[in-house]
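# Close look at the chain arrangement
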Amino acid sequence: MATHTLGSKTPAESYIHAVFEQLIAKNAHQPEFLQAVEEIFISLVPVFEQHPEYIQHNILSRIVEPDRIVSFRVSWQDDQNQVQVNRGYRVQFNNVVGPYKGGLRFHPSVNESIMKFLAFEQIFKNALTGLPIGGAKGGSDFNPKGKSNGEIMRFCQAYMTELYRHIGPDVDVPAGDIGVGAREIGFLFGQYKRIRNAHEAGVLTGKTPGYGGSLVRKEATGYGLVYFVEEMLRDISETFLNKTVVVSGSGNVAIYAIKKAQELGAKVVACSDSDGYIFDPDGIDLNIVKEIKEVNCERIKTYVNYRPNAIYTEDFRGIWSIPCDIALPCATQNEIDGDAARTLSANGVKVVAEGANMPSNLEAINVFLENGILFGPAKAANAGGVATSALEMAQNSGRNYWTFEEVDEKLRDIMKSIYAVSKEAAHKYGSEGNLVVGSNIAGFVKVADGMIAEGVY
Ligand SMILES: NC(=O)C1=CN([C@@H]2O[C@H](COP(=O)(O)OP(=O)(O)OC[C@H]3O[C@@H](n4cnc5c(N)ncnc54)[C@H](O)[C@@H]3O)[C@@H](O)[C@H]2O)C=CC1
Ligand SMILES: O=C(O)CCC(=O)C(=O)O
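Please read these numbers as outputs of a predicted model, since none were measured by experiment. (Residues numbered from 1 in each chain as written. Chains lettered and ligands numbered in written order. Predicted model: local features only at pLDDT ≥ 70, side-chain atom pairs only at ≥ 80, totals over all residues.)

This part covers the site of ligand 2. Taken together, Lys101, Gly102, Gly103, Lys125, Ala175, Asp177, Thr205, Asn357, Gly385, Val386 and Ser389 make up the full set of residues near ligand 2. When residues of the shell around ligand 2 are traced back to their parent elements, those giving at least two are strand S3 (100-106) and helix H14 (384-398). A per-class count over the shell around ligand 2 returns two nonpolar, six polar and three charged. (Near = placed C-beta within 6 Å. Helix = DSSP H or I, 4+ residues; strand = E, 2+ residues; numbered from the N terminus. Nonpolar A, V, L, I, M, F, W, Y, C, P; charged D, E, K, R; others polar.)

The positions that UniProt labels "site: Important for catalysis" (unreviewed entry) are, in the present scheme, Asp177. Along the chain, Asp177 falls in the loop between strand S5 (172-175) and helix H7 (182-196). On the basis of neighbour count, Asp177 is assigned to the buried category, with 25 C-beta atoms found within 10 Å. Apart from the residues lying within four places of it in its own chain, the contact partners of Asp177 are Gly103, Leu104, Arg105 and Gly139. (UniProt positions renumbered as here; feature names shortened; annotations may be inferred. Buried ≥ 20, exposed ≤ 12 C-beta atoms within 10 Å, placed from the backbone. Contact = placed C-beta atoms within 7 Å.)

So, on to the sheet that holds strand S4 (residues 135-140). Read across the open sheet, the five strands follow the order S1-S2-S4-S3-S5; overall the sheet is mixed. Either end of the sheet is taken by a strand with one partner, and the two such strands are strand S1 (68-77) and S5. Averaged over all neighbouring strand pairs, the angle between strand axes comes to 20 degrees, with direction disregarded. Pairing of S1 with strand S2 (residues 83-94), which is carried by ten bridges, proceeds in the antiparallel orientation. (Pairing = 2+ DSSP bridges. Axes fitted to C-alpha atoms, helices over the stretch in contact; angles between N-to-C directions.)

A separate point is the site of ligand 1. Surveying the vicinity of ligand 1 reveals 24 residues, the closest of which are Gly251, Asp273, Ala331, Ala356 and Gly385. Of the residues forming the shell around ligand 1, the biggest block, three residues, is contributed by helix H9 (residues 252-263). Its residues assigned to classes, the shell around ligand 1 shows seven nonpolar, 14 polar and three charged. Two domains share the shell around ligand 1, each providing at least three of its residues, namely domain 2 (68-199) and domain 3 (218-381). (Domains from an automatic or database assignment.)

If you check UniProt for "binding site: substrate" (unreviewed entry), the listed places come out as Lys101, Gln122, Lys125, Gly176 and Ser389 in our numbering. Structurally, the position occupied by Gly176 is in the loop between S5 and H7. Among the residues examined, Gly176 registers 27 C-beta atoms within 10 Å and is labelled buried. Sequence-distant contacts of Gly176, defined by excluding residues within four places in its chain, comprise Gly103, Leu104, Gly181, Glu184, Ile185 and Gly206. Structurally, the position occupied by Ser389 is in helix H14. Among all residues touching Ser389, those that are not within four sequence positions of it are Lys101, Ala175, Thr205, Gly206 and Arg217.

Below is the structure:
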């Protein structure tokens, strides 16, 4: 039986408590989903104290139930002509603010709990961007590791052969996430186009610029994360210059977070993959990481073959024992637990900001907040990716292209605005400086008000 820390002293607390108890009863075997909901529910207590209309409209019971979950068989042929079967998902959680929007994850760990937590987070993240996009997520337990290009293509085609009937430029617009990058988006788009016989560019984002993609989308989550941290640092009259930074992961988000942090004068000393981490006391050479990950598709441990001073350690969580000023978790959910957070804190970390979705568990978040560490939660700090996807949708429907500089400037403005509204909401509801509370409240209020305006359904 899952436990939680929600109280029940006031009417608002009692309401939130009761909805969460019902949620546990219905979703007892979905720990990631319950974790994501609990984090938001804790933040919302002061909002419900001041706005009983949200209780009258029973907003919480409605907002935790997805509009629909599509789950389907994906059969495809491997290079040995053997038929393989995976499970595909699309969770369309909430489209009050705009069409469903969120990435696709191809990873063996994918299950309904992980899909629901990601889609639930996406509702509030997307609302925070200020752009008209609702929340969704999808994917499959397909493991791309070690698969040939042909196998990836056939899997993507089989996946889209079912997914196409559930999506569309004004309905639901998927994009990438773990295991899904520009190559996979290309295969998915090609199959959608063949089935529909229409070049509906706005049906997917993360396309390459040659056929409707936006410049900066590839860089956007990592760049946006660093722009968000710039705002956090500005408030304490600091910058990235000469800061020591640790970034977990070595995929899309990690690579472009490293690039932008280095451009701003930081020394990034470590990154990782799911096997282990590398520490380079001279500062990571990003060209080598890109060659290893983007060109050769190898493990990060091969980095030490190119850099004699670098050390590889086979324990991906060990990366948080490296002393740093700024920690940017950019790999996956629950990669920082309470112990890792205490180690980071004891080593003097000043800022932690989340590039991945839910990389810190609840205990870790509390350790950071209690120790006065500036903490940038995922739904605010990594929203630059989906925001730039919404800019891609705008270019697609306007049938035009914006320059790299134009999109980058819009991204920077969006990240500044997300920081400002999160900080303002935290202040308004009595949690000065707490961006977890602030971003949860700012995202929630926008969606809840929309739900009331659009009526019960
Ligand atoms: N791609 C995007 O635009 C966005 C991605 N995110 C989140 O950022 C995180 C990373 O996503 P991407 O960089 O797009 O994926 P990716 O597939 O390009 O890279 C994932 C990275 O995480 C590492 N990783 C995966 N599982 C791991 C594990 N169990 N332990 C340690 N490392 C692990 C992989 O080795 C790889 O380096 C995910 O949490 C994703 O949901 C969030 C917002 C937008
Ligand atoms: O660009 C998108 O729609 C996907 C972004 C995403 O999946 C995320 O923000 O976690």
